[in-house]
Amino acid sequence: HQVKIGAGTILYPNVTVMYRCTIGRKCILHPGVVIGADGFGFVPGPQGLVKVPQTGIVQIDDDVELGANTTVDRARFGRTWIKSNVKVDDQVMIAHNVVIGESSILVAQTGIAGSAELGRVVLGAKAGINGHITIGDGVQVAGTSGVVKSLPAGAIALGTPAESQREFMARHTLPSRFEKLQKKFEA
């Protein structure tokens, strides 16, 4: 019901677009993409976990490509928003109320938790983004990195928890520097 799909958009087999979601012009949704399933919203209640209604939508702007088996969850309220020209690889998870900036690249098996706001970013394969944080324009996150706190524009993050390139390299080269120092000391 009330789905809007722009001209020139291609939906391949087994794509699901749930009620009230909107997809812009000239988008490509590869097989198995799911748009607008409920976000993961539960709260503890006296009888156990209670499902929180997910009443928002997904808005996908023009020229977006979503790889096979990617999921984009419906917002709890408001919208989950993928801005124009975003390119997403296979098996990426975009949670409720996430915003992804124009011309971003999300590589295979990346996961973005709820209410994260991303500028124009590049996320390597299997990168994980914590919920309720902001990732600035031009940020690059290396594959398999886990970003747990907000990153300013232009940052490069590696590792888990993700840290700056300088911190990462210093920490990972430290053992070899100590080994060389120990050999000098023994000599």
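Bear in mind the structure is a predicted one, so any value in this text is a computation, not a measurement.

**Considerations on the overall build of the chain**
On a plain count of helices and strands, the chain comes out with 1 helix and 25 strands. Its C-alpha atoms give the chain principal-axis dimensions of roughly 75 × 50 × 30 Å. For the chain, the share of sequence-separated contacts (at least 6 apart) that also reach a separation of at least 24 residues comes to 15%. Carbon and sulfur atoms make up 57% of the accessible area of the chain, which amounts to about 10,200 Å² in all. Side chains of the chain carry 19 positive and 15 negative charges; the gap between the two charge centres is 3 Å.

**What to know about the packing of aromatic side chains**
Tallied over the entire structure, the rule returns 1 aromatic pair. Seen from their ring centres, F40 and F42 are 5.1 Å apart, and the 65° between their planes marks the pair as edge-to-face. A relative accessible area of 69% means that F40 is categorised as exposed. Judged by relative accessible area, F42 falls into the partly exposed class, the value being 37%. For the cation-ring pair, R79 lies above W81, with the distance from its terminal atom to the ring centre recorded as 3.5 Å. Residue placement shows K83 over the ring face of W81; its charged tip is 4.4 Å from the ring centre.

**Side note on the sheet that holds strand β4 (residues 22–23)**
Spatially, 7 strands are ordered β1-β4-β9-β12-β15-β18-β21 in an open sheet, and the strand pairing comes out parallel. If you trace the sheet from one side to the other, it starts and ends with β1 (4–5) and β21 (134–135), each paired once. Alignment of strand β9 (residues 57–60) against strand β12 (residues 79–82), held across 4 bridges, turns out to be parallel. Note on β12: the bridge partner recorded for V58 is T80.

**So, the pattern of salt bridges**
Here the structure, examined in full by the defined rule, presents 2 salt bridges. As a salt-bridge pair, R25 and D62 come within 3.4 Å of each other at their nearest N and O atoms. Of the two residues, R25 is situated in the loop between β4 and β5 (28–29) and D62 in the loop between β9 and β10 (65–66); the sequence distance between them amounts to 37 residues. Here D62 falls in the partly exposed class, since its relative accessible area comes to 24%.

**Remarks on the confidence of the model for the chain**
Confidence in the prediction for the chain averages 94 pLDDT; 98% of positions are at 70 or higher. Element-level mean pLDDT values for the chain span from 76 in helix α1 (residues 165–186) up to 99 in β5.

**Points about the pairing of β12**
Here β12 pairs with strand β15 (residues 99–100) via 2 bridges, running parallel. Within β15, the residue paired with W81 across the bridge is V99.

**Some points on the state of the cysteines**
Following the criterion strictly, the structure yields 0 disulfides and no others. The thiol of C21 is not disulfide-bonded; the next cysteine sulfur, from C27, is found 13 Å away. We classify C27 as buried; its relative accessible area is 0%.

**Observations regarding the nonpolar core**
Counting 38 residues, the largest nonpolar core has I35, L66 and I112 as the members making the most contacts within it. Setting aside chain neighbours within four positions, we find I35 in contact with T16, V17, M18, C21, L29, V58, I60, L66 and V72.

**Observations regarding the pairing of strand β8 (residues 48–51)**
Bridge count for strand β7 (residues 42–45) against β8 is 4 bridges, and the pairing is antiparallel. When the bridges of β8 are listed, F42 appears paired with K51. The hairpin formed by β7 and β8 contains 2 residues between the paired strands.

**Comments concerning the environment of S115**
Tracing the backbone shows S115 in the loop between β17 (111–112) and β18 (117–118). With 18 residues separating them along the chain, S115 and I133 place their C-alpha atoms 7.4 Å apart. For S115, the residues in contact, after removing those within four places along its chain, are H96, N97, V98, H132 and I133.

So, how was this worked out
Residues numbered from 1 in each chain as written. Predicted model: local features only at pLDDT ≥ 70, side-chain atom pairs only at ≥ 80, totals over all residues. Heavy atoms only, no water. Helix = DSSP H or I, 4+ residues; strand = E, 2+ residues; numbered from the N terminus. Contact = heavy atoms within 4.5 Å. Areas by Shrake-Rupley, 256 points an atom, 1.4 Å probe, with all protein chains shown as cover. Lys, Arg positive; Asp, Glu negative; His and termini not counted. Charge placed at Lys NZ, Arg CZ, Asp CG, Glu CD. Phe/Tyr/Trp six-rings, centres within 6.5 Å; stacked < 30°, edge-to-face > 60°. Buried < 20%, exposed > 50% of the residue type's maximum accessible area, 1.4 Å probe, protein only. Lys NZ or Arg CZ within 6 Å of the ring centre and 35° of its normal. Pairing = 2+ DSSP bridges. Salt bridge = Lys/Arg side-chain N within 4 Å of Asp/Glu carboxyl O. pLDDT = per-residue confidence, 0-100. Disulfide = S-S within 2.5 Å. Core = buried A, V, L, I, M, F, W, Y, C linked by side-chain atoms within 4.5 Å.

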